[in-house]
Amino acid sequence: NYNWHEEVECLVVLNGKLEACVNGKIYNLSKGDMVFFDSNEGHATLSKEKETIALVLHFTPNTLNGFDKNRDRYHWGGATDKFTRNETYALEIRKSLVEIIESFNKDSLESKIKRSIASDNIILKSLLYFAKKEEKNKEDKNDPDRDEAM
């Protein structure tokens with residue numbers, strides 16, 4: 001299925017293999033791999049094995065509005081592969097996904113805080129490793145969205 005949505009998508013392969021296609025680029029993913037699709041970016045996935053299972057997490061880029069007035073300059077994309085799936089950042093994203101799932105076992109303040117921290121960690125790691133920031137022309141002083149010096 002070809003689809004798109006407002007949210008950024010993180011897809012993690014839990015078992016098997018799948019193919020993800022976005023903007024004409026094809027990612028061949030195996031167990032432990034993850035791919036990020038940008039907001040409103042058309043994409044499709046195809047299971048390559050009968051027992052393939054994937055976990056999908058969506059988050060809205062509006063989550064970043066409180067942190068950066070220019071959050072619309074960030075664009076997610078890319079995937080891990082056999083060389084990067086066990087890098088520290090990928091392991092931390094997968095660990096945070098487990099923490100989110102486990103946090104639903106109890107309806108407590110502690111569980112809600114753990115879920116929030118794990119969600120923030122995924123967003124931060126995805127921002128650091130899977131997002132690119134468009135650079136605006138710093139010379140254009142008439143641009144109302146330009147970054148201001150601190």
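What counts and what doesn't
- Residues numbered from 1 in each chain as written.
- Predicted model: local features only at pLDDT ≥ 70, side-chain atom pairs only at ≥ 80, totals over all residues.
- Heavy atoms only, no water.
- Helix = DSSP H or I, 4+ residues; strand = E, 2+ residues; numbered from the N terminus.
- Buried < 20%, exposed > 50% of the residue type's maximum accessible area, 1.4 Å probe, protein only.
- Polar contact = N/O pair within 3.5 Å; in protein donor to acceptor, adjacent residues only side chain to side chain.
- Contact = heavy atoms within 4.5 Å.
- Expected span 1.5 Å × (residues − 1).
- Pairing = 2+ DSSP bridges.
- Axes fitted to C-alpha atoms, helices over the stretch in contact; angles between N-to-C directions.
- Salt bridge = Lys/Arg side-chain N within 4 Å of Asp/Glu carboxyl O.
- Phe/Tyr/Trp six-rings, centres within 6.5 Å; stacked < 30°, edge-to-face > 60°.
- Lys NZ or Arg CZ within 6 Å of the ring centre and 35° of its normal.

Draft legend 1. Expanded view of the side chain of Asp-33. Structurally, Asp-33 can be placed in the loop between β4 (25–30) and β5 (34–37). Relative accessible area serves as the criterion here: at 0%, Asp-33 is assigned to the buried category. Polar contacts involving the side chain of Asp-33 include one to the side chain of Thr-80, which spans 3.1 Å. Within the structure, Asp-33 has its side chain in polar contact with the backbone nitrogen of Asp-81 (distance 3.5 Å). If we ignore the near neighbours within four places in the chain, the residues touching Asp-33 are Leu-11, Val-12, Val-13, Asn-28, Thr-80, Asp-81, Lys-82 and Arg-85.

Draft legend 2. View of helix α2 (residues 109–130). If you check α2, its first and last C-alpha atoms are 31 Å apart, about what 22 residues at 1.5 Å a residue would give, namely 32 Å. Considering only its buried residues, α2 is in contact with β5, β7 (53–59), β8 (74–79), α1 (88–103) and β9 (131–133).

Draft legend 3. Inspection of the sheet that holds β7 at higher detail. Strand order in this open sheet of 5 strands is β7-β2-β5-β8-β9, and the pairing throughout is antiparallel. Of all the strands in the sheet, the pair left with one neighbour each is β7 and β9. With strand direction ignored, the average angle separating the axes of adjacent strands in the sheet is 25°. The pairing of β5 with β8 spans 3 bridges and is classified as antiparallel. Residue pairing for β8: Phe-37 is matched across the bridge by Gly-77. Sitting on the sheet, α1 is in contact with β2 (8–15), β5 and β7, with an inclination near 80° to β5.

Draft legend 4. How the structure looks around the environment of Ser-116. Tracing the sequence through the fold places Ser-116 in helix α2. On the basis of relative accessible area, Ser-116 is assigned to the partly exposed category, the value being 37%. Remark: the alpha-carbon pair of Ser-116 and Ser-103, spanning 13 residues in sequence, is separated by 9.5 Å.

Draft legend 5. View of the pattern of salt bridges. Under the counting rule described, the total for this entry stands at 6 salt bridges. As a salt-bridge pair, Glu-92 and Lys-125 come within 2.9 Å of each other at their nearest N and O atoms. Here Glu-92, found in helix α1, pairs with Lys-125, found in helix α2; they are 33 residues apart in sequence, far enough to count as distant. For Glu-92, a relative accessible area of 29% corresponds to the partly exposed category. Taking the relative accessible area as the measure of exposure, Lys-125 reaches 15% and is therefore buried. Where Lys-114 meets Glu-110, a salt bridge forms, and the shortest distance between an N and an O atom there is 3.1 Å. Linking Lys-114 with Glu-110, this pair stays in helix α2, spanning 4 residues, or about one helical turn. Exposure remark for Lys-114: the relative accessible area of 47% places this residue in the partly exposed category.

Draft legend 6. Main features of the pairing of β4. Pairing analysis gives 6 bridges linking strand β3 (residues 17–22) to β4, with the strands arranged antiparallel. Its bridge partner being in β4, Lys-17 is matched across the sheet by Ser-30. In this structure, the hairpin formed by β3 and β4 is closed by a connection of 2 residues, where Asn-23 is found at a positive phi of approximately 50°.

Draft legend 7. Representation of the packing of aromatic side chains within the structure. Applying the stated rule across the entire model yields 5 aromatic pairs. Relative to Tyr-129, the ring of Tyr-89 has its centre 4.1 Å away and its plane inclined at 10°; by these criteria the two rings are stacked. You can see Tyr-89 sitting in helix α1 and its partner Tyr-129 sitting in helix α2, a full 40 residues away along the chain. Overall, the relative accessible area of 14% leaves Tyr-89 in the buried class. Overall, the relative accessible area of 46% leaves Tyr-129 in the partly exposed class. The positively charged end of Arg-115 is found above the aromatic ring belonging to Phe-104, 4.1 Å away from the centroid.

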